[in-house]
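# A closer look at the structure
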Amino acid sequence: MAPFRTFVCFIRVTATMTERTFNLVVPLAHKATDMRIADTSGSVQVRSGAVSPLIGSGLRQGDVDSTTGRSTQPTLIMPGIRTSTTATRTTTTRAQRCALAPSADQSERHHADFSFPDLVQAYFDCRKSKRNTETALAFEQNLERNLSRLYDELAAGSYRPGKSICFVVTRPKAREVWAADFRDRIVHHLLYNRIAPRFYSSFVADSCACIPGRGTLYAARRLEAKIRSITQNWTRPAWYLKCDLANFFVSIDKNVLRDLIAARVQEPWWLWLADVILFHDPRQDFEYRGNASLLERVPPHKRLTNQPAHLGLPIGNLSSQFFANVYLDVLDQHAKHRIGARHYIRYVDDFILLHDSPQWLNAAHAEIDAFLPRVLHARLNPSKTILQPVDRGVDFVGHVIKPWNTRSRRRTVAQAVGRILSMDAGDVYASANSYFGLLGQSNASHADRARLANAVLQRGHSVNRQLTKSYRKQLREFA
């Protein structure tokens with residue numbers, strides 16, 4: 001009888017799952033019936049432990065693949081292939097992702113008029129000076145997922161601001177500061193990047209603060225140029241009227257501000273986003289950090305927590321700074337075009353008018369004092385209203401402008417020296433250079449810089465001969 005032979009045949013069958021492509025730089029459309037499907041039949045080797053691709057083409061040198069050492073491409077598509085060696089038949093699985101669309105009555109209102117790259121740019125703008133904060137680090141741990149989720153919420157119209165952090169600063173005076181969550185600050189930058197240019201184009205050149213290129217140095221130099229113009233280089237007498245709004249940020253009427261925004265923002269989605277940010281009340285969900293006793297140092301009428309819901313903007317957010325300029329642009333236009341103030345300048349809520357007649361300035365003060373409550377529901381602070389000749393010195397944005405010289409405030413110099421002498425040794429170098437730069441903005445600052453240099457030398461650091469820069473303390477070891 002012939003021997004019985006057994007033949008064993010091994011058949012390898014692979015089951016391939018559809019590759020899901022997710023492009024973070026150029027997103028797909030968000031519609032209720034859209035299915036994000038891509039079919040592939042090839043096999044792609046996936047490295048275990050590979051880092052996720054980072055977003056943007058302008059990444060820093062350290063943002064590289066931890067395995068290969070190469071920079072990650074901004075439009076890299078991450079494939080997902082699953083292979084099985086035990087299956088008995090070939091199957092194909094489709095990976096689907098749907099984005100819920102808003103209801104029919106809200107689709108027009110919540111049509112997202114922005115792209116994912118716009119959100120990425122807002123993220124990069126937001127992290128410039130906030131990258132090492134706690135909320136920023138937590139957001140970056142799952143950067144792509146968090147940005148994708150935020151994009152979906154904004155596109156669907158379901159975005160709502162999160163918890164804020166409240167703390168108190170004591171210099172130059174005690175006041176509340178409200179810091180929005182990092183993801184909310186990204187949204188602030190998104191709105192700011194889109195609508196701010198249209199407002200800035202209509203602002204007067206004498207509106208300063210929170211405008212690119214118009215900081216304290218710009219304001220001080222522009223005011224000095226105006227004083228030199230009206231006094232013919234200090235050869236003619238002139239007067240200045242300095243005013244300040246009472247409890248400015250906590251007394252801003254949101255309803256008035258909303259009308260001013262709606263006059264220039266016609267797009268329904270952007271107006272909706274501005275409303276969400278403007279009318280968000282951080283007092284409903286916040287965490288206080290710091291010494292609770294510091295709250296008692298803030299006067300009750302300056303606390304946002306004591307204001308009605310329709311009044312007040314939180315100090316500390318980019319949106320509040322931008323909205324404040326939109327709010328007071330009405331005052332700028334009135335002062336320049338209605339009152340006829342040729343020499344006028346404003347920094348946040350401090351503004352100055354120059355004229356060769358004190359009677360004209362008194363009349364302008366009365367006009368502004370009546371205009372603010374009627375139109376903006378704001379009022380002047382009578383205790384900070386000053387009418388004096390310019391040759392006595394004009395104190396503005398930390399500078400005192402006098403005939404032929406400009407110096408920093410004495411209080412500023414005293415605080416700088418005191419802080420250098422009392423701060424931790426590790427902070428002296430950076431703070432000293434910062435103060436040298438601040439004092440150097442004045443053309444008669446040699447005595448002030450010499451005073452600061454002596455304090456820096458006492459802390460063991462060296463200073464250059466021009467008294468403009470400090471150097472790190474060198475520790476030498478001798479055998």
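Above this text is the structure in question.
Residues numbered from 1 in each chain as written. Predicted model: local features only at pLDDT ≥ 70, side-chain atom pairs only at ≥ 80, totals over all residues. Heavy atoms only, no water.

## Here's the deal with the environment of Val330
Along the chain, the position of Val330 falls in helix α8 (residues 318-338). Val330 gets classed as partly exposed once you look at its relative accessible area, which sits at 21%. For Val330 and Phe203, which are 127 residues apart along the polypeptide, the C-alpha to C-alpha distance reads 9.5 Å. In this structure Val330 touches Leu260, Phe371, Val375 and Leu376, once residues within four positions along its chain are discounted. (Helix = DSSP H or I, 4+ residues; strand = E, 2+ residues; numbered from the N terminus. Buried < 20%, exposed > 50% of the residue type's maximum accessible area, 1.4 Å probe, protein only. Contact = heavy atoms within 4.5 Å.)

## Focus: the environment of Val250
Inspection of the secondary structure puts Val250 in the loop between β6 (239-244) and α6 (254-262). Owing to a relative accessible area of 8%, Val250 belongs among the buried residues under this scheme. The spatial distance from the C-alpha of Val250 to the C-alpha of His301 is 8.4 Å, given a sequence separation of 51 residues. Discounting residues that sit within four places of it in the chain, Val250 has contacts with His301, Lys302, Arg303, Leu304, Gln307, Leu311 and Gly312.

## Observations regarding the sheet that holds strand β4 (residues 175-179)
In spatial order, the strands read β4-β3-β7; together these three strands make up an open sheet with mixed pairing. The sheet is open, and its two edges are formed by β4 and β7 (286-288), each paired on a single side. On average, each strand axis in the sheet is tilted by 30° relative to the strand beside it, whichever way the strands run. Pairing geometry for strand β3 (residues 164-169) and β7, over three bridges, is parallel. (Pairing = 2+ DSSP bridges. Axes fitted to C-alpha atoms, helices over the stretch in contact; angles between N-to-C directions.)

## With respect to the packing of aromatic side chains
What the rule picks out here adds up to 20 aromatic pairs. Between Phe114 and Trp270, the ring centres sit 6.4 Å apart and the planes meet at 70°, which makes this aromatic pair edge-to-face. With a gap of 156 residues between them, Phe114 in the loop between β2 (92-93) and α1 (116-126) and Trp270 in helix α7 (residues 268-278) connect regions that are remote in the sequence. The same class applies to Phe114 as to Trp270, namely buried. Their ring planes at 80° and their centres at 6.1 Å tell us that Tyr200 and Phe322 sit as a pair that is edge-to-face. Pair noted here: Tyr200 is in helix α4 (residues 182-200) and Phe322 is in helix α8, with a separation of 122 residues, a long-range link. (Phe/Tyr/Trp six-rings, centres within 6.5 Å; stacked < 30°, edge-to-face > 60°.)

## Description of the pairing of strand β9 (residues 350-355)
Along any regular strand the residues' side chains alternate between the sheet's two faces. Relative to β9, β6 runs antiparallel, the two sharing six bridges. Within β9, the residue paired with Tyr240 across the bridge is Leu354. As paired elements, strand β8 (residues 343-347) and β9 share five bridges and run antiparallel to each other. Paired with Tyr347 across the strands is Asp350, a residue of β9.

## Some details on the side chain of Thr231
Looking at the element boundaries, Thr231 is found in the loop between α5 (216-230) and β6. Reaching out from Thr231, the side chain makes a polar contact with the backbone oxygen of Ile227 at a distance of 2.6 Å. Aside from chain neighbours lying at most four places away, what touches Thr231 is Arg236, Ala238 and Val390. (Polar contact = N/O pair within 3.5 Å; in protein donor to acceptor, adjacent residues only side chain to side chain.)

## Quick look at the packing of helix α11 (residues 425-439) against helix α12 (residues 446-458)
In contact at an axis separation of 10 Å, α11 and α12 are set at 175° when each is read in the N-to-C sense. Between α11 and α12, the crossing angle belongs to the class labelled roughly antiparallel. Packed against α11, whose contacting residues are Ala432, Tyr435, Phe436 and Leu439, the element α12 presents Asp448, Arg449, Leu452, Ala453 and Val456 at the interface. Classifying every residue of the contact of α11 with α12 gives seven nonpolar, no polar and two charged. (Parallel < 35°, antiparallel > 145°, perpendicular 65-115°, else oblique. Nonpolar A, V, L, I, M, F, W, Y, C, P; charged D, E, K, R; others polar.)

## A closer look at the pattern of salt bridges
Going through the model one piece at a time under the given rule, you end up with 17 salt bridges. Here Asp113 and Arg194 are joined by a salt bridge, their closest N and O atoms 3.7 Å apart. With Asp113 in the loop between β2 and α1 and Arg194 in helix α4, this residue pair connects regions lying 81 residues apart in the sequence. We classify Asp113 as partly exposed; its relative accessible area is 35%. Using a relative accessible area of 28% as the deciding quantity, one classes Arg194 as partly exposed. Between Glu287 and Arg289 there is a salt bridge, and its shortest N-O distance comes to 3.4 Å. When salt bridges with common partners are traced through the structure, they connect Asp206, Arg222, Lys226 and Lys336 into a single cluster. (Salt bridge = Lys/Arg side-chain N within 4 Å of Asp/Glu carboxyl O.)

## Observations concerning the sheet that holds strand β13 (residues 405-408)
Read from one edge to the other, the open sheet built from three strands follows the order β11-β12-β13, with strand pairing classed as antiparallel. A strand with exactly one partner marks an edge of an open sheet, and here the two such strands are β11 (394-396) and β13. On average, each strand axis in the sheet is inclined to that of its neighbour by 25°, with strand direction left out of account. Across four bridges, strand β12 (residues 399-402) lies against β13 in antiparallel orientation. Across the sheet, Lys402 pairs through a bridge with Asn405, a residue of β13.

## With respect to unusual backbone geometry
The omega torsion of the bond from Arg171 to Pro172 falls at 0°, within 30 degrees of zero and hence cis. If you trace the backbone, Pro172 turns up in the loop between β3 and β4. Positive phi values are uncommon outside glycine, yet Val348 reaches one of about 55°. Of note, Val348 is situated in the loop between β8 and β9.

## Here we look at a positive patch on the surface
The grouping of Lys173, Arg175, Lys384 and Arg411 at the surface amounts to a positive patch. Structurally, the position occupied by Arg175 is in strand β4. (Patch = residues over 30% accessible without salt bridge, like charges linked within 9 Å, V, L, I, M, F, W, Y side chains within 5 Å. Areas by Shrake-Rupley, 256 points an atom, 1.4 Å probe, with all protein chains shown as cover. Lys, Arg positive; Asp, Glu negative; His and termini not counted. Charge placed at Lys NZ, Arg CZ, Asp CG, Glu CD.)

## Here we look at helix α10 (residues 410-422)
Here α10 spans 18 Å end to end across 13 residues, near enough to the 18 Å set by a 1.5 Å rise per residue. When we look at burial in α10, the residues that qualify are Thr412, Val413, Ala416, Val417 and Ile420. Angular distribution of buried residues about the axis of α10 spans 130°; they occupy a single face of the element. In this structure, α10 carries Arg410 and Ser422 as exposed residues pointing more than 90 degrees from its buried face. Those residues of α10 that are buried lie in contact with β13, α11 and α12. (Expected span 1.5 Å × (residues − 1). Arc of directions from axis to C-beta.)

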